[in-house]
Protein chains: 2
Amino acid sequence: MRTLKFTLQYDGTDFVGWQRQAAGVSIQGLLEGALERFEGAPVTVHGAGRTDAGVHALGQVASAILTAAIDTPTLARALNAILPPAVRVMAIEEMADAFHARFSASGKVYEYRIVNAPIVSPFLQRYAWHVIPPLDLDAMRAGAAALVGAHDFAAFQGSGSAVATTERVVRAIEWEDGGGYDLPVVVRIAGDGFLRHMVRNIVGTLVDVGFGRWTPARVGAILASRDRAQAGPTAPPQGLFLVRVLY
Amino acid sequence: MRTLKFTLQYDGTDFVGWQRQAAGVSIQGLLEGALERFEGAPVTVHGAGRTDAGVHALGQVASAILTAAIDTPTLARALNAILPPAVRVMAIEEMADAFHARFSASGKVYEYRIVNAPIVSPFLQRYAWHVIPPLDLDAMRAGAAALVGAHDFAAFQGSGSAVATTERVVRAIEWEDGGGYDLPVVVRIAGDGFLRHMVRNIVGTLVDVGFGRWTPARVGAILASRDRAQAGPTAPPQGLFLVRVLY
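Residues numbered from 1 in each chain as written. Chains lettered and ligands numbered in written order. Predicted model: local features only at pLDDT ≥ 70, side-chain atom pairs only at ≥ 80, totals over all residues. Heavy atoms only, no water.

**Quick word on the interface of chain B and chain A**
Just so we agree on the cut-off: Contact criterion: two residues are considered in contact whenever any of their non-hydrogen atoms come within 4.5 Å of each other. Using a 1.4 Å probe, buried area is obtained as the accessible area two parts lose upon being combined, added over both of them. One speaks of a salt bridge when a side-chain nitrogen belonging to Lys or Arg is within 4 Å of a carboxyl oxygen belonging to Asp or Glu. Distance and chemistry together define a polar contact, namely a pair of N or O atoms within 3.5 Å, with one atom able to donate a hydrogen and the other to accept it when in protein, and with adjacent residues in sequence counting only for side-chain atoms on both sides. The way it works is that DSSP assigns letters per residue, a run of H or I at least four long becomes a helix, a run of E at least two long becomes a strand, and they are numbered from the N terminus. Here the nonpolar group is Ala, Val, Leu, Ile, Met, Phe, Trp, Tyr, Cys and Pro; Asp, Glu, Lys and Arg are the charged ones; every other residue, Gly included, is treated as polar.
Across the contact, 23 residues belong to chain B and 23 residues belong to chain A. The junction of chain B with chain A conceals about 1700 Å² of combined surface from both sides, 71% of it contributed by carbon and sulfur atoms. If you look at where chain B meets chain A, you find zero salt bridges. Where chain B meets chain A, there are two residue pairs in polar contact (both at pLDDT 80 or more). Those elements giving two or more residues to the side of chain B that touches chain A turn out to be strand S1 (2-10), strand S3 (56-66) and strand S4 (87-95) of chain B. For the side of chain B that touches chain A, the element with the highest residue contribution is S4 of chain B, accounting for four residues. For the side of chain B that touches chain A, the residue count by class is 15 nonpolar, five polar and three charged.

**Overview of the side chain of aspartate 11 of chain B**
Within the secondary structure, aspartate 11 of chain B sits in the loop between S1 and helix H1 (27-39). At a separation of 2.5 Å, a polar atom in the side chain of aspartate 11 of chain B contacts the side chain of tyrosine 127 of chain B. Discounting chain neighbours no more than four positions away, the residues touching aspartate 11 of chain B are Pro122 and Phe123 of chain A together with His56, Ala86, Arg126 and Tyr127 of chain B.

**So, the relation of the copies chain B and chain A**
The two chain copies are related to each other by a rotation about an axis together with a translation along it. Rule in force here: C-alpha atoms of residues with pLDDT of at least 70 in both copies form the basis for the least-squares superposition of the copies.
Mapping chain B onto chain A calls for a screw motion: a turn of 180 degrees about the axis and a shift of 0.0 Å along it, with 0.0 Å RMSD after fitting. When the rotation and shift are considered jointly, the pair of chain copies conforms to a two-fold rotation axis. No C-alpha of chain B approaches the rotation axis more nearly than that of phenylalanine 123 of chain B, which lies at 4.9 Å.

**Considering the side chain of threonine 51 of chain B**
Counting through the fold element by element, threonine 51 of chain B comes out in the loop between strand S2 (46-47) and S3. In this structure the side chain of threonine 51 of chain B is engaged in a polar contact, spanning 2.7 Å, whose partner is the side chain of tyrosine 10 of chain B.

**Observations regarding the pairing of S1 of chain B**
All names here are of chain B. Let me state the cut-off plainly: Each residue is placed in one exposure class: buried if its accessible area under a 1.4 Å probe, protein chains only, is under 20% of its type's maximum, exposed if it is over 50%, and partly exposed if it falls in between. Two strands are counted as paired when DSSP detects at least two bridges linking them.
The buried fraction of S1 amounts to nine of the nine residues, a majority that puts the element mostly inside the structure. Going residue by residue along S1, you find Arg2, Leu4, Phe6, Leu8 and Tyr10 tucked away on one face and Thr3, Lys5, Thr7 and Gln9 tucked away on the opposite face as well. Where S1 meets S3, eight bridges bridge the pair, whose relative direction is antiparallel. Opposite leucine 8, over in S3, you have glutamine 60 as the bridge partner. Pairing between S1 and S4: eight bridges, direction antiparallel.

**As for the pattern of salt bridges**
Inspection of the entire model under this criterion finds 26 salt bridges over all chains. The partner of glutamate 32 of chain A in a salt bridge is arginine 20 of chain A, and the shortest N-O contact between them spans 2.6 Å. Of this pair, glutamate 32 of chain A sits in helix H1 (residues 27-39) while arginine 20 of chain A sits in the loop between strand S1 (2-10) and H1, placing them 12 residues apart in sequence. When its relative accessible area of 9% is taken as the criterion, glutamate 32 of chain A is described as buried. For glutamate 111 of chain B, the salt bridge identified is with arginine 113 of chain B, shortest N-O distance 2.9 Å. Connected via shared salt-bridge partners are Glu111, Arg113, Glu174, Glu176 and Arg188 of chain A.

**A word on helix H3 (residues 137-145) of chain A**
Residues and elements named next belong to chain A. Defined as follows: The directions considered for the arc are those from the helix axis to the C-beta atoms.
Along H3, the residues that are buried comprise Leu137, Ala139, Met140, Gly143 and Ala144. In an axial view of H3, the angular spread of the buried residues amounts to 155 degrees, which keeps them on one side of the axis. Exposed and oriented more than 90 degrees from the buried face of H3 are Asp138 and Ala145. Where H3 is buried, its residues meet strand S5 (107-115), strand S8 (167-176), strand S9 (185-191), helix H4 (198-210) and helix H5 (217-225). At the N-terminal boundary of H3, the capping side chain belongs to aspartate 136, with an oxygen 3.2 Å from the backbone nitrogen of aspartate 138.

**Thoughts on the packing of aromatic side chains**
Stated formally: Centre distance within 6.5 Å is the pairing criterion for rings of Phe, Tyr and Trp, where only the six-membered ring of Trp is used; planes under 30 degrees apart are then read as stacked, over 60 as edge-to-face, and the remainder as tilted.
A full pass over the atoms with the stated rule returns 16 aromatic pairs over all chains. Relative to tryptophan 18 of chain B, the ring of tyrosine 10 of chain B lies with its centre 6.4 Å away and its plane at 25 degrees, an arrangement referred to as stacked. Just as tyrosine 10 of chain B is buried, tryptophan 18 of chain B falls in that class too. Ring geometry for tyrosine 112 of chain B versus tryptophan 129 of chain B: centroids 6.3 Å apart, planes at 90 degrees, classification edge-to-face. In this pair, tyrosine 112 of chain B is assigned in strand S5 (residues 107-115) and tryptophan 129 of chain B in strand S6 (residues 129-130), connecting sequence segments 17 residues apart. According to the relative accessible area criterion, tryptophan 129 of chain B is buried, its value standing at 17%. Here a set of aromatic residues connected by ring pairs shows up, and it is made of Phe123 of chain A together with Tyr127 and Phe241 of chain B.

Put into structure tokens, the structure is as follows:
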């Protein structure tokens, strides 16, 4: 019995998300199905985070317990031969028994990409939110500053969640300015944990600030309200990347 | 009557190539179909180069003569509303009557992208050639140097072409080294004109040099032979981008 850590990349465009569902193809389901071939029995895979339909991963992490005697580089090659090209196992590591992709994680880094130009490149349309009116990035940056630190992020939580607490720590929010259709604006958010739709709701709110609909100061007020109805819309999934899981 | 210059980007994955064909969706066919809606009559569009099925464009140029009275920014927006997201009109300019996308062109720049790593990222698999054995980039660079200048490139011409001359001028071949699955090796080739499959045949030959199958000096010998059978295989289409057309 070995506990294995899988580092995965995937293009989420054509999947129902990380999590196994009654209908549709999920990343978790694909990986479990591929591992079952080597194990000869059902395998449960735990993901560090449940990326939604259309959300991408540059560094999702999953864990599973396997008995099959197969060395990890061979297993990685074999899994990649079975999985569709949109899902790749980038690395497999043998871990201590106690390792669990979700419960052992100490934080995550997400990136959200926005093309702020009249036209979006065909090479970015699946990987960014296309926002046409010019965004005031300085205002967005100023608004975002209110979110860094330990806060109750209930105002940015998607509906239908059931979590023990809506307090989370956002460690840093970084920006890359982009430069039109071929270089998107990148918002990089690192934190100890994230509520459902939290990054997309933050980005949707910051874009409303970028449009000048709200002042930067409004972001702190929205946070303090703990009321989802006060925040902006949920940014679309295709701009979101799970970049890295921290342990 | 106005002669218009269209600058286009497209993801070539799902198309039969630039040129209109009996079966399948072509970029030329899509653009002609969209323009016909404004013109109320068939429109012929001339492309600067005929990219093959699966080949991409960051800066393809096309020209067409239109009588419809519509300003160019409005036309660009309207065309992008009709065209699939994989094809974008990035700019439209009004030109002198004599302008012709193909005959007025003085040169072209192509890029070919190679992921030289055990695993290719899901985000690059449609946009690069995945080559697993480590390539000797210094040897490839040395071999490529023999191709710069005015030469008879018959050895690198795809079969089934009928051209007046196989002499072309390659102005420069530049390299970006890449860095594994997320940063491809980029070979940038600028020239006054290119034969059918010329860039892909050059890249296929250079990759054989990178494998150590051939010495760098062999590239000059292949060029001098003017014999297609001497050169390496045709690199696959998905790594090739038409970057820019020079006028």
